[in-house]
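# Coordinate analysis (summary)
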Amino acid sequence: MNNKFGHNTIRDPKITIEKNIERKKPILDREPQLFLGVPLPSWIELSLIDVCNRDCSFCPKSDANIAPNTYMKMEIKLIEKMISDLKRIKFEGSFTMCGYGEPLLHPNISEITNLIGQFWGIEIVTNGDPLTKKKLIELYNSKVSKLVVSMYDGPEQIDKFTDMLNETNIPKDFMVLRDRWHKGEEFSDYITNRAGTVTNGKQIEVKEMKDKKCFYPAYHVQIDWNGDIYICPHDWQRRNPVGNIMQTDFFEIWNGKIHNKYRKMLFKGKRDELPCSTCNCVGTVHGSKHYIKWLQSWIK
């Protein structure tokens, strides 16, 4: 069954996942960049604002006791400090804007992407609800590299967003549409427990991941609205920040004692401390090259 634009409305969510993994490989699985012999991250995720207009059952935002909407947002001065730190180490990776809220709800998102986009690629992951034709053009002109729209309502959204894109002169590959409307057992393929925060769906038992390695801290950085840095995007309860970028230099945090403590544990498959001890995420999809470089750097 095709819609008016020829899109197949019967999609296989597993294929969607595979395409997303392949799309990210050139960024996340490239040869790691080194600074002073230390592997740098290839992917920095910014949580621009702590609010979402939805309360999806698989997301911690569905429980206000765990992840309330605080409406706190990242300030421009933090962005400027981060850019200064990253330029000093000649960072060559990319950014994604997603995190603990809906990024398009940030009132200054285009100013932020303009600042960052002068130097690095930017991907925005959105539920698409705040998106309009005007906003779409504004984002494209503000140096955003890719807009990833997660569609939760149904296949009719394909027409909605394709229509919107076709009414502009923006290249068609600027927007990636991901089907997230599946409600059956197959939808569980998308779900992790967000480090012990949600239980919906058919999930891997935490005990099955007990001795499994995780590469997230090898290549990924999670920065919250206030500058707190976490070892991965699954720690929705924000239990263990490894530093704050407004207080400490980025590289000092990235190569700091706390961050390296978690790396050494997770690289051995030891998920003994929070948030890792309650996490069921398969953490080896990306980052194997960074993992190897980290091991080599410690030997030296």
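Everything numeric in this text was worked out from a predicted model, so none of it was measured.

In this section: the overall build of the protein chain. Looking only at helices and strands, one finds 9 helices and 10 strands in the protein chain. In summary, the protein chain has a C-alpha radius of gyration of 19 Å against a globular reference of 19 Å for 300 residues, a match within 12%. Overall, the protein chain is about 60 × 40 × 35 Å in size when its C-alpha atoms are taken along their principal axes. Here the protein chain holds 300 residues, and the buried ones make up 55% of them. Put simply, 73% of the contacts in the protein chain that link residues at least 6 apart link residues at least 24 apart.

Of all hydrophobic cores here, the largest spans 68 residues; its most connected members are Leu46, Met82, Phe95, Ile116, Leu131, Ile223 and Phe250. Looking at this core element by element, the count peaks at 6 residues for helix H2 (residues 76–88). Those residues within four positions of Leu131 in sequence are excluded, and the remaining contacts are Leu104, Leu136, Leu139, Leu147, Val149, Phe161, Met164 and Met175. Cys56, Tyr100, Ile191 and Tyr230 belong to the second-largest nonpolar core, a separate cluster that totals 9 residues.

Looking at helix H8 (residues 257–267), one finds that the buried residues are His259, Asn260, Tyr262, Arg263, Met265, Leu266 and Phe267. Residues of H8 that are buried in the fold lie against helix H6 (216–219), strand E9 (228–230), helix H7 (250–254) and helix H9 (288–299). Of the residues flanking the end of H8, it is Gly269, one or two places downstream, whose phi is positive at about 80°.

Structurally, Met175 can be placed in strand E7 (residues 175–179). A relative accessible area of 9% places Met175 in the buried class. Taking the C-alpha atoms as reference points, Met175 and Asp153, 22 residues apart in sequence, are found 18 Å from one another. Not counting residues up to four positions away in its chain, the partners in contact with Met175 are Leu131, Leu136, Leu147, Val149, Phe161 and Leu165.

Pairing within the open sheet is mixed, and its 8 strands lie in the order E7-E6-E5-E4-E3-E8-E9-E10. Since the sheet does not close on itself, it has two edges, and those belong to E7 and strand E10 (243–244), each with one partner. Here 2 bridges tie E9 to E10, and the two strands are oriented antiparallel to one another. Each residue of the ladder has a partner; that of Asp228, found in E10, is Asn244.

What follows covers the pattern of salt bridges. Under the counting rule described, the total for this entry stands at 13 salt bridges. For Arg238, the salt bridge goes to Asp50, with nearest N and O atoms at 3.4 Å. Of this pair, Arg238 sits in the loop between E9 and E10 while Asp50 sits in the loop between strand E3 (43–46) and H2, and the two are 188 residues apart along the sequence. Notably, a salt bridge pairs Lys261 with Glu273, separated by 3.1 Å at the nearest N-O pair. In this pair, Lys261 is assigned in helix H8 and Glu273 in the loop between H8 and H9, connecting sequence segments 12 residues apart.

This part takes up the state of the cysteines. Within the structure shown, the criterion is met by 0 disulfides. Cys52 takes part in no disulfide bond, and the closest cysteine sulfur to it belongs to Cys59, at a distance of 6.4 Å. Sulfur of Cys56: no disulfide; nearest cysteine sulfur belongs to Cys59 and is 6.4 Å away.

A few words now on unusual backbone geometry. Here the bond from Leu274 into Pro275 is cis, since omega is 0°, no more than 30 degrees from zero. Relative to the assigned elements, Pro275 resides in the loop between H8 and H9. For Leu36, which is not glycine, the phi torsion reads 55° and is therefore positive. Inspection of the secondary structure assignment puts Leu36 in the loop between strand E1 (34–35) and strand E2 (38–39). Of note in the backbone geometry, Lys143 takes a positive phi value of approximately 75° without being a glycine. Mapped onto the fold, Lys143 is located in the loop between helix H4 (133–141) and strand E6 (146–151). With a relative accessible area of 39%, Lys143 lands in the partly exposed category.

Moving on, we get to the side chain of Arg30. Assignment of secondary structure puts Arg30 in the loop between helix H1 (13–28) and E1. Among buried Asp, Glu, Lys and Arg side chains, Arg30 stands out as unpaired, with Glu92 the closest opposite charge at 4.7 Å. Setting aside residues up to four positions removed in sequence, Arg30 forms contacts with Lys25, Pro41, Ser42, Glu92, Gly93, Lys289 and His290.

About the criteria used
Residues numbered from 1 in each chain as written. Predicted model: local features only at pLDDT ≥ 70, side-chain atom pairs only at ≥ 80, totals over all residues. Heavy atoms only, no water. Helix = DSSP H or I, 4+ residues; strand = E, 2+ residues; numbered from the N terminus. Rg over C-alpha atoms; globule rule 2.2 N^0.38 Å. Buried < 20%, exposed > 50% of the residue type's maximum accessible area, 1.4 Å probe, protein only. Contact = heavy atoms within 4.5 Å. Core = buried A, V, L, I, M, F, W, Y, C linked by side-chain atoms within 4.5 Å. Pairing = 2+ DSSP bridges. Salt bridge = Lys/Arg side-chain N within 4 Å of Asp/Glu carboxyl O. Disulfide = S-S within 2.5 Å. Lys, Arg positive; Asp, Glu negative; His and termini not counted.

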